[in-house]
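What follows is each chain in one-letter form.
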Amino acid sequence: PPILGTKGAKLQNRTLEGHWWRPGKGDEKIAGIATFEGSDLTLRLLGAFIERPERSPGVFSIEPVRDAPMLHGSCEGKPVTLLRCRETNFNMKMAVETEWRQAFDADVMLVGIWLEEPDEACFESITLGVHNLLEWSARSGLVEEHVNHEGGGAGFSTSWDSSDAVTTQVDDSEVSLGLGATTRRRTRVDRTEAILAEHVWFSVTPPGPASALTLVRRWARRLQDLVSFAMDTPCALNDVELSWPRPAATGADGEPGETRPVDVEVYFTSIYAWQPDAKPVRRFEALFTLDVVPFETVLPAWFDACERFGPVVEMLLGQRYVERTFVENRVITAVAAAEGLHRRLLLDETYVSADEFEALKAALTGAVPEEHEKWLADRLRNEPTLNRRLRQLAEQLPEAATLPFLPKPNRWSRRTTDTRNWLVHRFEMDEPPGGSEMYMLSRLTLSVLTLVLMQELGLDEAHLTRAAKEHKSFRWLPKNG
């Protein structure tokens, strides 16, 4: 099985020096350096890609290439492809073209392949690791045994037992969670050291070949978000690879040779970059792990929730990925996420019944001059108020789960509504909230959304209640409320 982590956190940093060219123009190679540092993917050229359109017969202009859907490179003996490149700098102070300088940003870098088209569907699977994935998986093959040595003394023996990958289906794709280990032996002058490292990874196999952009967009961010949500901390991606069944050369008999799988390294800007000082999250610190809810249940449920709730999940997780921001932004984002979740989760909720609304609408439009009837009718909506939306979200949860940190839901919903309206609509309030109160209101709102989403993922009442009572993200709320 593929073993991740043996090459280091590839999404941490990488520098590749070589020559670069536009597809189909291999005779115009330019030296340059591609750099990835976890947050930006850049290409700096010792020259520039130039177009020379003919403006009139025999008259040509010089224009730098501003956008390149794809660039090819040869670095350290490896083929490299950059996708969706945009010029960020062009310097032509000197008249000699070899002294010009150009820089690009890129969305994706593939090391190990030259694509023929940016959206070429040639990859069979994507494999990726996420920090804290081992703890979230609640899996381990490490076995420690107490050993009594002959002649006296005791010690411990460590071994590793393999196990099959856990697999489930998401739409038409197969997603598995694999477990593997590597060993490394080092000889010192006074001893020999053996290091055993255990790794867990996601592997996704779509129903047919897919492009790099499709696989990265579809799977990388959502799997990263799932682990970040479950572990209640930002988790970075690492070791992302695509499997490419490279066709072998045609044999002497004219028949094509067998395909050989090639692992293509993938680099792209992630929502949360690898942090060198990040501390691992222990299993008991997580909101939930796979020993609480099965992989076969939570993974399809997560992708279903992302589809149904759309940007709500991103707004909720944005509070984890971006920890430092103004409290006003926190309140507005939390309330927007709550309203968006309510609209998608409780589609049929209205302010009054349909018949009552039609009667009310007729009475209101009939009370204004005829020229204003359409204007008023277009602005009347039979929708719950924000106050009611917040209360109804809290009512989706078992009372035992909300009681530990939200003993008075009505007070929270009213104060949150008034604060949102003060920030966005009215700009006046008898008792404006201070920064601490706004922070608390945002945290309370996000806590409700977190429990609702956990419930949608299949967590039962007992686990929701235990999380609300014991988890660090909930435990401090009543003390500061």
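A. Quick look at the packing of helix 5 (residues 327–345) against helix 8 (residues 386–395). Contact geometry of helix 5 with helix 8 gives a least axis separation of 10 Å together with a crossing angle of 75°. Judged on the interaxial angle alone, helix 8 and helix 5 are roughly perpendicular. Contact with helix 5, carried on its side by Val-335, Ala-338, Glu-339, Leu-341, His-342, Arg-343 and Leu-345, involves Leu-386, Arg-389, Leu-390, Gln-392 and Leu-393 of helix 8 and no other residues of that element. By residue class, the composition of the contact of helix 5 with helix 8 is seven nonpolar, two polar and three charged.

B. Fine view of the pattern of salt bridges. All told, the structure shown has 25 salt bridges when counted by the stated rule. For the salt bridge of Arg-66 with Glu-87, the shortest nitrogen-to-oxygen distance reads 2.3 Å. Residue Arg-66 is located in the loop between strand 7 (63–64) and strand 8 (67–75), and its partner Glu-87 is located in strand 9 (residues 78–91); the two are separated by 21 residues in the primary sequence. Looking at Arg-66, the relative accessible area reads 45%, which means it is partly exposed. Among the residues examined, Glu-87 registers a relative accessible area of 18% and is labelled buried. With its nearest N and O atoms 2.5 Å apart, the salt bridge here joins Glu-437 to Arg-415. Residue Glu-437 is located in helix 11 (residues 435–456), and its partner Arg-415 is located in helix 10 (residues 409–426); the two are separated by 22 residues in the primary sequence.

C. The arrangement of the pairing of strand 17 (residues 237–246) in detail. Taken across its 10 residues, strand 17 has nine buried, putting it largely inside the fold. Note: strand 11 (residues 125–130) against strand 17, five bridges, orientation antiparallel. Opposite Ile-126, over in strand 17, you have Leu-242 as the bridge partner. Note that strand 17 and strand 18 (residues 260–268) share six bridges and pair antiparallel.

D. Region of interest: the packing of aromatic side chains. By the definition in use, this model includes 10 aromatic pairs. Summarising the aromatic geometry, the rings of Trp-136 and Phe-202 are spaced 6.4 Å apart at their centres and angled 50° between planes, so their arrangement reads as tilted. Pair noted here: Trp-136 is in helix 1 (residues 133–137) and Phe-202 is in strand 16 (residues 192–205), with a separation of 66 residues, a long-range link. What makes Trp-136 buried here is its relative accessible area of 0%. Of the aromatic side chains, those joined through ring pairs into one cluster are Phe-229, Phe-288 and Trp-302. It is Lys-29 that lies over the ring of Trp-21; its NZ or CZ is 4.6 Å from the centre. Across the ring face of Trp-219, the terminal group of Arg-218 is positioned such that the distance to the ring centre comes to 4.9 Å.

E. Highlighting helix 8. Along helix 8, seven of the 10 residues are buried, which leaves the element largely enclosed by surrounding structure. Burial in helix 8 covers these residues: Leu-386, Asn-387, Arg-389, Leu-390, Gln-392, Leu-393 and Ala-394.

F. Examining the state of the cysteines more closely. Tallying each qualifying case throughout the model produces zero disulfides. This cysteine, Cys-75, is not joined by any disulfide, and Cys-85 carries the nearest cysteine sulfur, 12 Å off. Given a relative accessible area of 0%, Cys-75 falls into the buried group.

G. How the structure looks around the confidence of the model for the protein. With 92% of its residues at a pLDDT of at least 70, the protein reaches an overall mean of 87. This model gives residues 1–9 a pLDDT under 50, and the stretch forms 23 contacts once residues within four places in sequence are excluded.

H. Seen up close, the pairing of strand 1 (residues 14–21). Sheet analysis places strand 1 next to strand 2 (residues 30–36), joined by seven bridges and oriented antiparallel. Of the residues in strand 2, the one forming a bridge with Thr-15 is Thr-35. Strand direction decides the pairing type here: strand 1 and strand 8, joined by four bridges, are antiparallel. Looking across to strand 8, one finds that Trp-20 is bridged to Gly-73.

I. The arrangement of the nonpolar core in detail. Ranked by internal contacts, the top residues of the largest apolar core, which has 99 residues, are Leu-110, Phe-123, Trp-136, Phe-202, Phe-288 and Trp-302. Counting residues per element, this core draws most heavily on helix 2 (residues 212–231), which supplies 12 residues. Those residues in contact with Phe-288, other than ones at most four positions away along the chain, are Trp-136, Phe-229, Ala-230, Val-293, Val-298, Met-454, Leu-457, Leu-459 and His-463.

J. Just unusual backbone geometry, in detail. Of note in this structure, Ala-138 is not a glycine but carries a positive phi near 55°. The exposure class assigned to Ala-138 is partly exposed, which follows from its relative accessible area of 23%. With a phi angle near 55°, Asp-239 is a residue other than glycine that sits in the positive phi range. Note that Asp-239 resides in strand 17.

Thresholds, definitions, all that
Residues numbered from 1 in each chain as written. Predicted model: local features only at pLDDT ≥ 70, side-chain atom pairs only at ≥ 80, totals over all residues. Heavy atoms only, no water. Axes fitted to C-alpha atoms, helices over the stretch in contact; angles between N-to-C directions. Helix = DSSP H or I, 4+ residues; strand = E, 2+ residues; numbered from the N terminus. Parallel < 35°, antiparallel > 145°, perpendicular 65-115°, else oblique. Contact = heavy atoms within 4.5 Å. Nonpolar A, V, L, I, M, F, W, Y, C, P; charged D, E, K, R; others polar. Salt bridge = Lys/Arg side-chain N within 4 Å of Asp/Glu carboxyl O. Buried < 20%, exposed > 50% of the residue type's maximum accessible area, 1.4 Å probe, protein only. Pairing = 2+ DSSP bridges. Phe/Tyr/Trp six-rings, centres within 6.5 Å; stacked < 30°, edge-to-face > 60°. Lys NZ or Arg CZ within 6 Å of the ring centre and 35° of its normal. Disulfide = S-S within 2.5 Å. pLDDT = per-residue confidence, 0-100. Core = buried A, V, L, I, M, F, W, Y, C linked by side-chain atoms within 4.5 Å.

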